[in-house]
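As a plain string of letters, each chain reads:
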Amino acid sequence: MRRKLLIMSIISLILMSGCWDKEEIEQRLFVTDIGIDLNEEAKGSDVDRLIVTYQYPNINAIGKNATEEQRTYLISTISSSIFQAGREFRNRVPFPFYYKHVKVLIVGESLLKEEELVRQILDELNRDTKTNKKIMILVAEGKARDILQANYSEDQHTDGVIYSSVRDNRSSARFTPKTLTDFISDFDISNTTIVPRIILENGKFKISGGCIIKNYKFLEWVDEKENRVINFMNGEVNLETIDVVHNDDLIIYTIIRGDTKKDAYIENGVKASINVEIEGYLQGYTMNDKKTAYDNKVLLEMENTIEKEIKAEMEKTIDKLQEINADIIGIGEHMSKFHPRDWEKIQDSWDNIFPEIEFDVTVNVHIRRTGLTK
Amino acid sequence: MQRNTISNQHIKALLVTTIIGVGMLSLPSELAMILENDGWIAIILAGLMLIPFLIIIDKLFSMFPNKSIFEIGREVMGPTIFGIILIIQAIYTIIVLAYTVRIFGEVIKVYILETTPIEVIIITMLLATAYLSRSKIEVLGRMAVMIYPIIIGLVVFLLAVTLPDMDYTNIFPIFNADYKQLPRGIMTAVFSYTGYEIIFLCYNYSDDNKNTLKYVLRGLIVVTCVYLIVFFTSLSSFGIYQLKREIWPSVAVVKEVNLPGYFLENLDGIMLAIWVIAIYASLTSIFYIGGAVLSNISKTKTHELFILPLIPIIYTVALLPDNLVQTNEIMARIISYAAIIARVILPIIIFISAIIRKRRSRA
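Residues numbered from 1 in each chain as written. Chains lettered and ligands numbered in written order. Predicted model: local features only at pLDDT ≥ 70, side-chain atom pairs only at ≥ 80, totals over all residues. Heavy atoms only, no water.

### Let's talk about the sheet that holds strand β11 (residues 240-246) of chain A
All names here are of chain A. Judged by pairing direction, the sheet is mixed, and its four strands sit side by side in the order β11-β12-β13-β14 without closing on themselves. The sheet is open, and its two edges are formed by β11 and β14 (358-369), each paired on a single side. Between one strand axis and the next, the sheet turns by 40° as a mean value, whatever way the strands run. Taken strand by strand, helix α8 (residues 296-324) contacts β11, β12 (249-266), β13 (270-284) and β14, and its axis lies near 145° from that of β14. (Pairing = 2+ DSSP bridges. Helix = DSSP H or I, 4+ residues; strand = E, 2+ residues; numbered from the N terminus. Axes fitted to C-alpha atoms, helices over the stretch in contact; angles between N-to-C directions. Contact = heavy atoms within 4.5 Å.)

See the structure below:
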């Protein structure tokens, strides 16, 4: 009995250690960034229409005892889909790819002209079991591959540089970070969405403004200022600084928080009202003995000036949105959620209705603090 | 010492742990397909619909104190008819087990063990389940009491991680669904209450039969609340369109989460690890029912005899459907119809014949 037990435990030592199919972390390639461009040469054919670029960190170059110099690798091929590209790369790389930590998907501008391809890519990513649905989506002005190439040599940490910039600038209102799930549900709800634009500037990438996509196709670029007020109107008022000229002096106003209320109703055509409340503090004024911000009257005047400035920007942006017919400020969404009966009537002709909507924009700015000095 | 009685607290825990299982994962999306944003109405109505049956069962057991459902059934309906009902019940139980374990295998394969064959996942789960199912109801009750807080923890976890990123306006518009679809919605929701049959078996073991109904109803409320929370979290995180697209929204919703500080990602592993325990509890109870029913058909003393021989049968049935779509279409349909017999008609017939029998004996 004792001997049997001994033999059994020895056998279990061998069999139950669980090491027989272990995989070291160095033997996995964690893709962090994926770039997709249109393969112009395959025009007209159904397969191989994409140029897929993977970027993955060199695990041996991370940490204190890094043994290798090169921080990241970049690899790119012509393929029909994102994951098929991974199979094709297998002839060129020593280890299999892992997609659990994909953080960024950069879509080349040219690809957004092909609706079918965009739909395919989105379905593939949404269906896949391993990818995180929090992938950040960006649109490259130019080629996605060039942008990945540009940040290729830069200092790299595991998350990827582009992801860190998008993520950490969550407190910035100059672009709208968009995850895969947000991206897809935007299309579900209003058929339009806005994603950050990434451009090359002096050989370095820069995230600036946004790209409006409608019906899975490129529609229009918007610049940082427009993107900022679009965010305000969507209730995403974050840390942001605004500079306005007040009585010939430049004042810098920092927003710390805000709140947006929307309403839309039918009354001789559709009318919408947007009410933005902004709170913040005075960041900078002017060093002048005769001028002080420590005076309620002055503060109220300043608030007025800022309100006017933001309101003007908003109205300009709304005009532009109505002109290109892109409802990214969620008026249709609001109606479908809070006035479902009315929405059913106008749902089908929304594309004709949106440019005609009368907007009523109100902005309320509060300067709560003036800093340390008077 | 084996007392072989269980407390009402145990019955409540048994009820909750048995019902909450695979249904929890797909329920929100299936209801959203039928009733759009108003799926929660079906959850509440399905829960309310069960209350009369629970009262009937309570009445039945108070008419025949200290008798098991099998003794009552045989007494009021005669051995032949009741035998047929038991056979239907046994087949139904086997299909429910096969369905549950198959879905379990599919989910585990997709999310956690990608390279493990599904056969291995199923057979290991069945073996682990069989071990506990061979015990007496009292042991099952104690196990349920241990697992109960884990299930509540699972829901709290789900709520806690999804709450920060939720867009609660997604639950609007409320009361805007097509109410002709409501019966279909309720059928789907009732399907997720599979497993409440366990109280047929444990009712007469209760040490305080007067208050059992109160505890059972409390258990039902807990289950309904859990389903409501799962429905609302996945609806408000996904929005209605994406919710319809997902197969198992309750797990997928956790994949959307990034904890503050980003120190943990891909929380689906944690969620599923807890969920496995919930499935384990629900499988054991249903397995126990299967063993008990079979042992009554063949009039053996214990139910343990039938647990191990059931494993190959369940395994085979579980692997019959070619793919997930078939599993959900065919098996779920069979279960829905069989469930009407097993849960709706059975208690009513027994109850009515019991009343007739009583009247006759009095006259």
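### Some remarks on a negative patch on the surface
Residues and elements named next belong to chain A. A cluster of acidic residues, Glu-315, Asp-319, Glu-323 and Asp-360, forms a negative patch at the surface. Per element, the largest residue contribution to the negative patch is three residues, and it comes from α8. On the secondary structure map, Glu-323 appears in helix α8. According to the relative accessible area criterion, Glu-323 is exposed, its value standing at 71%. (Patch = residues over 30% accessible without salt bridge, like charges linked within 9 Å, V, L, I, M, F, W, Y side chains within 5 Å. Areas by Shrake-Rupley, 256 points an atom, 1.4 Å probe, with all protein chains shown as cover. Salt bridge = Lys/Arg side-chain N within 4 Å of Asp/Glu carboxyl O. Lys, Arg positive; Asp, Glu negative; His and termini not counted. Charge placed at Lys NZ, Arg CZ, Asp CG, Glu CD. Buried < 20%, exposed > 50% of the residue type's maximum accessible area, 1.4 Å probe, protein only.)

### Some words on helix α10 (residues 212-238) of chain B
Its 27 residues give α10(B) an end-to-end C-alpha distance of 39 Å, which sits within 8% of 39 Å, the value for a rise of 1.5 Å per residue. A positive phi of about 85° marks B:Gly239, the residue just after α10(B). (Expected span 1.5 Å × (residues − 1).)

### Thoughts on the domain arrangement of chain A
Frequently, the measure chosen for interface size is the accessible area removed from exposure when the parts meet. Residues and elements named next belong to chain A. The domains assigned to chain A are domain 1 (24-222) and domain 2 (236-374). Domain 1 puts 17 residues into the contact, and the matching count from domain 2 is 14 residues. Together domain 1 and domain 2 conceal approximately 1200 Å² of surface at their shared face, both sides included; 56% is due to carbon and sulfur atoms. At the junction of domain 1 and domain 2, the tally comes to two salt bridges. Where Asp-351 meets Lys-214, a salt bridge forms, and the shortest distance between an N and an O atom there is 3.1 Å. Linking domain 1 to domain 2 there are five residue pairs in polar contact (both at pLDDT 80 or more). In terms of residues, the side of domain 1 that touches domain 2 owes the most to one element, strand β10 (residues 217-222), which gives four residues. Within the side of domain 1 that touches domain 2, the residues separate by chemical class into seven nonpolar, six polar and four charged. (Domains from an automatic or database assignment. Buried area = accessible area lost by both parts, 1.4 Å probe. Polar contact = N/O pair within 3.5 Å; in protein donor to acceptor, adjacent residues only side chain to side chain. Nonpolar A, V, L, I, M, F, W, Y, C, P; charged D, E, K, R; others polar.)

### A closer look at the pattern of salt bridges
Residue and element names in this part refer to chain A. Scanning all chains against the criterion turns up 24 salt bridges over all chains. When the shortest N-O distance is used, the salt bridge between Glu-141 and Arg-197 registers 2.9 Å. Of this pair, Glu-141 sits in the loop between β7 (136-140) and α4 (144-151) while Arg-197 sits in strand β8 (residues 192-201); the two residues are 56 residues apart in sequence, bridging distant segments of the chain. For Glu-141, a relative accessible area of 37% puts it in the partly exposed group. Here Lys-337 makes a salt bridge to Glu-333, at a shortest N to O gap of 2.8 Å. Taken together, the positions of Lys-337 and Glu-333, both in helix α9 (residues 331-338) and four residues apart, correspond to about one turn of that helix. Salt bridges sharing partners connect three or more residues here, namely Arg-174, Glu-224, Arg-228, Glu-240 and Glu-313.

### A closer look at unusual backbone geometry
Residues B:Phe172 and B:Pro173 are joined by a peptide bond in cis, for which omega reads -5°. You can see B:Pro173 is positioned in the loop between α7 (137-162) and α8 (182-191). Even without being glycine, A:Tyr216 reaches a positive phi, approximately 60°. Structurally, A:Tyr216 can be placed in the loop between β9 (204-214) and β10. Classification of A:Tyr216 as buried rests on a relative accessible area of 14%. A positive phi angle is found at A:Asn268, which is not glycine, with a value near 50°. One can find A:Asn268 in the loop between β12 and β13.

### Observations regarding the interface of chain A and chain B
With 25 residues of chain A in contact, the opposing surface of chain B contributes 23 residues. At the boundary of chain A with chain B, total buried surface from both sides reaches about 2100 Å², with 45% on carbon and sulfur atoms. Three residues stand out in chain A for area buried against chain B, namely A:Lys134, A:Asp188 and A:Lys337, and they jointly supply 25% of the buried area on that side. Applying the counting criterion to the chain A and chain B interface returns two salt bridges. The salt bridge partner of A:Asp188 is B:Arg245, with a shortest N-O separation of 2.7 Å.

### Comments concerning the sheet that holds β7(A)
Residues and elements named next belong to chain A. Read across the open sheet, the eight strands follow the order β4-β3-β2-β6-β7-β8-β9-β10; overall the sheet is mixed. In this open sheet, the two edge strands, each paired with only one partner strand, are β4 (72-79) and β10. Pairs of neighbouring strands in the sheet enclose a mean axial angle of 30°, with direction left out of account. Set on the sheet, helix α6 (residues 180-190) makes contact with β7, β8 and β9; between it and β8 the angle comes to about 135°.

### Regarding helix α4 (residues 69-77) of chain B
Residues and elements named next belong to chain B. All buried positions along α4 are accounted for by Ile-69, Phe-70, Ile-72, Gly-73, Val-76 and Met-77. Projected down its long axis, α4 carries its buried residues within an arc of 160°, all on one side. Residues of α4 that are buried make contact with α3 (39-63), α5 (79-111), α9 (198-202), α13 (268-297) and α15 (324-362). Following α4 by one or two positions, Gly-78 has its phi on the positive side, about 85°. (Arc of directions from axis to C-beta.)

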